[in-house]
Amino acid sequence: RANPSSGTAMNVGVLLLTQETIGSALLRAAQAVYEPLPLNVTVLAVNAEASVDVFVNIVRQRVRALDTGNGVIVLLDAPGSVPCQLAQSLNYEGKIRLVTGLNLPMLLGLFKNPQRGLDDLANAVLQAGRQGIVDAARGPHGQTTTHAH
């Protein structure tokens, strides 16, 4: 298991706001690498049958609970999804970043340098997510890989 870099944590809160069990499954995978987690993380699964108004209030309460003054990064499954629409309608008065396209490399990037401030952390998450999407048959730099038969 990896140890996050030492230093004083900025205590940015993290909310995984996804459809069904996507967020909890990805968090379990990240915990195989980072345990204990270096940041305070809450997972909220959006139930398609729930009232939008009720869910917006629940999301707002979770974000407030996570915000210790350094902001909250909300990681969302997909642009335009119901969780994304809920997050965009929060009208949260604190510091918040909304990042879509949640994947495991994003979470690992998030936990790698937990002491970063909100904007730096959001940028690191975006970069890790992009770098984690590759054509595995071609390799990380686009070269064709050789497979033994």
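Keep in mind it's a predicted model, so treat the numbers as computed, not measured. (Residues numbered from 1 in each chain as written. Predicted model: local features only at pLDDT ≥ 70, side-chain atom pairs only at ≥ 80, totals over all residues. Heavy atoms only, no water.)

### A look at the packing of helix H4 (residues 104–112) against helix H5 (residues 118–131)
Two numbers describe a pair of packed helices, the interaxial angle and the distance between the axes. The condition is simple: Helix axes are fitted to C-alpha atoms over the stretch in contact, other axes to C-alpha atoms as well, and angles between N-to-C directions run from 0 to 180 degrees. Helix numbers and strand numbers start at the N terminus; a helix is a DSSP run of H or I with at least 4 residues, a strand a run of E with at least 2. Two helices that cross are described as forming a left-handed crossing if the nearer one is turned anticlockwise from the farther one by less than a right angle, and a right-handed crossing if clockwise. The contact rule is simple, with two residues in contact once any of their heavy atoms fall within 4.5 Å. Three classes are used: nonpolar for Ala, Val, Leu, Ile, Met, Phe, Trp, Tyr, Cys and Pro, charged for Asp, Glu, Lys and Arg, and polar for all others, with Gly counted as polar.
Their axes nearest at 7 Å, the elements H4 and H5 cross at an angle of 145°. Considering how the two elements wind past one another, H4 and H5 form a crossing that is right-handed. Across from Pro105, Met106, Gly109 and Leu110 in H4, the residues of H5 making contact are Leu121, Val125, Ala128 and Gly129. Looking at the contact of H4 with H5 residue by residue, the class counts come to 6 nonpolar, 2 polar and no charged.

### Considerations on the nonpolar core
The cut-off we apply is this: Residue types Ala, Val, Leu, Ile, Met, Phe, Trp, Tyr and Cys, when buried and joined through side-chain atoms within 4.5 Å, form a set referred to as a nonpolar core. Residue burial is assigned from relative accessible area. The probe radius is 1.4 Å, only protein chains are included, and a residue is buried under 20% of its type maximum, exposed over 50%, and partly exposed in between.
The biggest cluster of nonpolar side chains holds 21 residues, and the ones touching the most others in it are Val14, Leu16, Ile73, Leu75, Leu107, Leu110 and Phe111. With residues near it in sequence (within four places) discarded, Leu107 still touches Leu16, Leu26, Leu27, Ala30, Leu75 and Leu102. One finds Leu17, Val63, Val72 and Leu76 within the second-largest nonpolar core, a separate group that totals 17 residues.

### Comments concerning the pattern of salt bridges
Opposite charge on two side chains makes pairing possible when the charged atoms of those side chains draw close. Defined as follows: By definition here, a salt bridge exists when the distance from a side-chain nitrogen of Lys or Arg to a carboxyl oxygen of Asp or Glu is within 4 Å.
Tallied over the full model, the rule gives 2 salt bridges. The partner of Arg64 in a salt bridge is Glu93, and the shortest N-O contact between them spans 3.5 Å. You can see Arg64 sitting in helix H2 (residues 52–66) and its partner Glu93 sitting in the loop between helix H3 (82–88) and strand S4 (96–99), a full 29 residues away along the chain. On the basis of relative accessibility, which here comes to 60%, the residue Glu93 falls in the exposed class. Of the charged contacts, one joins Arg97 and Asp119 as a salt bridge, the two residues approaching to 3.0 Å between their closest N and O atoms. You can see Arg97 sitting in strand S4 and its partner Asp119 sitting in helix H5, a full 22 residues away along the chain.

### Some points on the confidence of the model for the chain
Rule in force here: What pLDDT conveys is the predictor's confidence in a given residue, as a value from 0 to 100.
Looking at the chain as a whole, the pLDDT averages 88, with 87% of positions reaching at least 70. Segment residues 3–9: pLDDT under 50, and 12 contacts once partners within four positions in sequence are set aside and those in other chains are kept.

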